[in-house]
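Each chain is listed here by its residues.
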Amino acid sequence: MPGSATARGDIPKDEIGNRGVQIEYQTDSDHSVHQLFYFSLNLADDHLKDNKGFITYMNGLKDVTSYFKATSYMTHHADFSIIRDEVLSKSAAILQDDSGIPYKYFHEQPWHVQVYGDYVRPYGSFRWMEQSDLREAYKTLGPKPLPMHVGYGYKRITSNLQLATRLK
């Protein structure tokens with residue numbers, strides 16, 4: 001595996017029950033050190049609005065890279081608007097499959113989107129979450145190959161990723 005990684009341990013639970021892990025890793029190319037944070041918490045608006053600790057944490061973020069994979073299409077729903085809007089406002093880049101932030105939100109902000117793989121439709125019980133504008137983007141943006149499988153329908157349908165980078 002390229003680079004090296006060190007788990008720094010659990011981030012302690014706070015009064016609301018937030019749990020997380022911080023991982024530091026170093027690249028082989030330039031030996032720069034990066035941090036990955038993974039949190040386990042309820043991101044629905046009615047829970048997140050009362051989670052002062054996590055809101056404070058998010059308010060301190062700027063120019064981060066966010067990753068969504070197999071998220072049950074949560075940010076497609078109105079009751080997940082806080083996390084969707086925070087990620088859109090704090091991220092310099094967002095890598096996701098079609099279950100992440102709906103494609104339509106990248107038209108409302110200054111983003112460049114590169115698509116990978118192929119988008120046909122969501123898999124299985126998520127078929128009703130189809131995004132016609134994302135399908136059109138795959139026809140017009142010139143998708144790049146995706147030599148791996150990711151997300152729902154692993155190896156049953158073609159996989160897709162979108163890399164959205166904020167325009168300066």
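Okay, the sheet that holds strand S6 (residues 111-117) next. In a beta sheet, neighbouring strands are held together by backbone hydrogen bonds and run either parallel or antiparallel to one another. If you trace the 4 strands from one edge of the open sheet to the other, you get S4-S5-S7-S6, paired in mixed fashion. Here the strands that pair on one side only, and so sit at the sheet edges, are strand S4 (64-68) and S6. In this sheet, adjacent strand axes meet at a mean angle of 15° when their direction is disregarded. In terms of strand pairing, strand S5 (residues 91-96) meets strand S7 (residues 160-166) through 4 bridges, oriented antiparallel. Bridge pairing in S7 links Ile-94 to Ala-164.

Turning to helix H4 (residues 132-140), a few remarks are in order. The set of residues buried in H4 consists of Leu-134, Ala-137 and Tyr-138. An end-on view of H4 places all buried positions within 100° of arc, on one side of the element. Counted as exposed and oriented over 90 degrees from the buried face of H4: Ser-132, Lys-139 and Thr-140. Of the surrounding elements, those touching the buried residues of H4 are S6 and S7. Taken from the residues just after H4, Gly-142 is the one with a positive phi, measuring 75°.

Bridging between S4 and S5 involves 5 bridges; their strand directions are parallel. Along S5, the bridge assignment pairs Val-64 with Ser-91. In terms of handedness, the path from S4 via helix H3 (residues 81-90) over to S5 forms a crossover that is right-handed.

Moving on, we get to the packing of aromatic side chains. Applying the stated criterion across every chain yields a total of 10 aromatic pairs. With centroids separated by 5.5 Å and ring planes inclined at 85°, the aromatic side chains of Phe-106 and Trp-111 adopt a geometry described as edge-to-face. An angle of 40° between the planes, with centres 4.8 Å apart, marks the rings of Phe-126 and Tyr-152 as tilted. Highlighted residues: Phe-126 in the loop between S6 and H4 and Tyr-152 in the loop between H4 and S7, separated in sequence by 26 residues. When its relative accessible area of 25% is taken as the criterion, Tyr-152 is described as partly exposed. Ring pairing ties together the aromatic residues Phe-37, Phe-39, Phe-54 and Tyr-57, which thus form one cluster.

Our next topic: the pattern of salt bridges. Considering all chains together, one arrives at 2 salt bridges under this definition. Note that Asp-85 and Arg-84 form a salt bridge whose closest N and O atoms lie 3.7 Å from each other. The class for Asp-85 is partly exposed, based on a relative accessible area of 40%. On the basis of relative accessibility, which here comes to 6%, the residue Arg-84 falls in the buried class. Taking the shortest distance from any N to any O, the salt bridge between Arg-135 and Glu-130 comes out at 2.0 Å.

What follows covers the environment of His-76. Mapping His-76 onto the fold places it in the loop between S4 and H3. A sequence separation of 27 residues divides His-76 from Tyr-103, and the C-alpha atoms of the two residues are 9.6 Å apart. Once residues lying within four places of it in the same chain are set aside, the contact partners of His-76 are Asp-98, Ser-99, Gly-100, Ile-101, Pro-102, Met-129 and Gln-131. Within polar-contact distance, the side chain of His-76 engages the backbone oxygen of Gly-100 at 2.9 Å.

Reading the values: rules and limits
- Per-chain numbering applies: the sequence of each chain, read as written, is numbered from 1 onward.
- It should be noted that, the model being predicted, local features are given only for residues of pLDDT at least 70 and side-chain atom pairs only at 80 or more, the latter also being counted only at that level, while totals for whole chains, interfaces and linings use all residues.
- Only hydrogens and water are removed before side-chain values are computed, so all heavy atoms of the structure are retained for them.
- Pairing between strands is defined by DSSP: at least two bridges between the two strands are required.
- Per the convention used, a helix needs a DSSP run of H or I reaching at least four residues, while a strand needs a run of E reaching at least two, with both numbered from the N terminus.
- Axes here refer to lines fitted to C-alpha atoms; in helices the fit is confined to the stretch in contact. Angles between the N-to-C directions go from 0 to 180 degrees.
- Using a 1.4 Å probe on the protein chains alone, a residue whose accessible area is under 20% of its type maximum counts as buried, one over 50% counts as exposed, and one in between counts as partly exposed.
- Here the arc refers to the set of directions running from the helix axis out to each C-beta atom.
- Note on contacts: a residue pair qualifies if any of its non-hydrogen atoms lie within 4.5 Å across the two residues.
- If the strands point away from the viewer and the path from the first strand over the helix to the second runs clockwise, then the crossover is right-handed.
- When the centres of two rings from Phe, Tyr and Trp lie within 6.5 Å, Trp using its six-membered ring, the rings pair. Their planes under 30 degrees apart give stacked, over 60 give edge-to-face, and anything left gives tilted.
- The salt bridge criterion pairs a side-chain nitrogen of Lys or Arg with a carboxyl oxygen of Asp or Glu, the two atoms within 4 Å.
- Any pair of nitrogen or oxygen atoms within 3.5 Å is treated as a polar contact; in protein, a donor-acceptor pairing is required on top of that, and neighbouring residues in sequence qualify only through side-chain atoms on both sides.

By themselves, these observations are geometric and do not establish any function.
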